[in-house]
Amino acid sequence: MAVTIIAGDLLEAKEDIVGHQVNCQAVMGSGVAKLLKTKYPNLYTSYLDYCKDKTPEELLGTLQLVDVQGKLVANIFGQLTYGRSKKVYTDYAALKEALLSLKNYAKEHALTVALPYGIGCGLANGSWEIVGKMLKETFDDYEVTLYQIQ
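Heads up: these notes are all about the structure in this document.

Quick notes on the rules
Residues numbered from 1 in each chain as written. Predicted model: local features only at pLDDT ≥ 70, side-chain atom pairs only at ≥ 80, totals over all residues. Heavy atoms only, no water. Salt bridge = Lys/Arg side-chain N within 4 Å of Asp/Glu carboxyl O. Helix = DSSP H or I, 4+ residues; strand = E, 2+ residues; numbered from the N terminus. Buried < 20%, exposed > 50% of the residue type's maximum accessible area, 1.4 Å probe, protein only. Expected span 1.5 Å × (residues − 1). Arc of directions from axis to C-beta. Axes fitted to C-alpha atoms, helices over the stretch in contact; angles between N-to-C directions. Parallel < 35°, antiparallel > 145°, perpendicular 65-115°, else oblique. Left-handed = near helix turned anticlockwise from the far one by under 90°. Contact = heavy atoms within 4.5 Å. 1 Å grid on protein atoms, 1.4 Å probe; cavity = no way out; pocket = protein on both sides within 12 Å on 5 of 7 lines; lining within 4 Å. Points joined across faces, edges and corners; volume = space filled by probe spheres on them. Nonpolar A, V, L, I, M, F, W, Y, C, P; charged D, E, K, R; others polar.

### Observations concerning the pattern of salt bridges
Here is step 1 of the chain: Inspection of the entire model under this criterion finds 5 salt bridges.
Here is step 2 of the chain: Across the pair Lys 52 and Asp 49 runs a salt bridge, and its minimum N-O distance is 4.0 Å. One end of the pair, Lys 52, and the other, Asp 49, are both in helix 2 (residues 41–52), 3 residues apart, so they sit about a helical turn from each other.
Here is step 3 of the chain: On the accessibility criterion, Lys 52 (59% relative accessible area) is exposed.
Here is step 4 of the chain: For Asp 49, a relative accessible area of 47% translates into the label partly exposed.
Here is step 5 of the chain: Between Asp 141 and Lys 107 there is a salt bridge, and its shortest N-O distance comes to 2.8 Å. Of this pair, Asp 141 sits in the loop between helix 5 (128–138) and strand 6 (144–148) while Lys 107 sits in helix 4 (residues 92–109), and the two are 34 residues apart along the sequence.
Here is step 6 of the chain: Among the charged side chains, a network of salt bridges with common partners joins Lys 103, Lys 107 and Asp 141.

Written out as structure tokens, the structure is:
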């Protein structure tokens, strides 16, 4: 299995690429996205630039890589909208498409990858049973480290 789960803070990850799920509405208002936006201010401005000439539907399933202080942050467009209701905001097909792009880029450039444990399953209400299986399938031939806060 190429998925490793470790206890730790994603914001302190040593991997070359730190990925997280974002919505397609040009908003990084909560969760991991807000934490990364605060740590790396140019991440948000790059995200806004990337979003401005595309419709939300065009963004869904895409991957944006942003250089922040010598590291890459991967904005994984796995949810069309956001909110505080109990609805599932994670679009599993879009998440998988963007994760495949991330894995392929990382493999091509021999870069290590870190993601938050439970990606798409916190505020976006995705099912970890579904996403966990998706990660195992997607990263069956390449290492990814999931950071889980204890």
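### Focus: helix 4
Working note: α-helix, 3.6 residues per turn, so residues spaced by three or four point in the same direction.
Here is step 1 of the chain: Look at helix 4: 26 Å from first C-alpha to last across 18 residues, which is about the 26 Å you get at 1.5 Å a residue.
Here is step 2 of the chain: Here helix 4 has its buried residues at Ala 94, Leu 95, Ala 98, Leu 99, Leu 102, Lys 103 and Ala 106. End-on, the buried residues of helix 4 take up no more than an arc of 170°, which puts them together on one face. Opposite the buried face of helix 4, by more than 90 degrees, sit the exposed residues Ala 93 and Glu 108.

### Observations regarding the packing of helix 4 against helix 5
Here is step 1 of the chain: Here helix 4 crosses helix 5 at 30°, and the two axes come no closer than 10 Å. The angle between helix 4 and helix 5 falls in the class roughly parallel. For the element pair helix 4 and helix 5, the recorded crossing hand is right-handed. Of the residues in helix 5, those in contact with Tyr 92, Leu 95, Lys 96, Leu 99, Leu 100 and Lys 103 of helix 4 are Ile 130, Val 131, Met 134, Leu 135, Glu 137 and Thr 138.

### Some words on empty space enclosed by the protein
Here is step 1 of the chain: Taken as a whole and assessed by the stated rule, the structure comprises 1 cavity of 30 Å³ or more.
Here is step 2 of the chain: By volume, the largest cavity is sized at about 30 Å³.
Here is step 3 of the chain: For the largest cavity, the full set of lining residues is Leu 10, Leu 11, Glu 12, Ala 13, Val 18, Leu 36, Lys 39, Tyr 40 and Lys 71.
Here is step 4 of the chain: Of the residues in the lining of the largest cavity, the class split is 6 nonpolar, no polar and 3 charged.

Remember that the coordinates give geometry; whether it matters functionally is a separate question.
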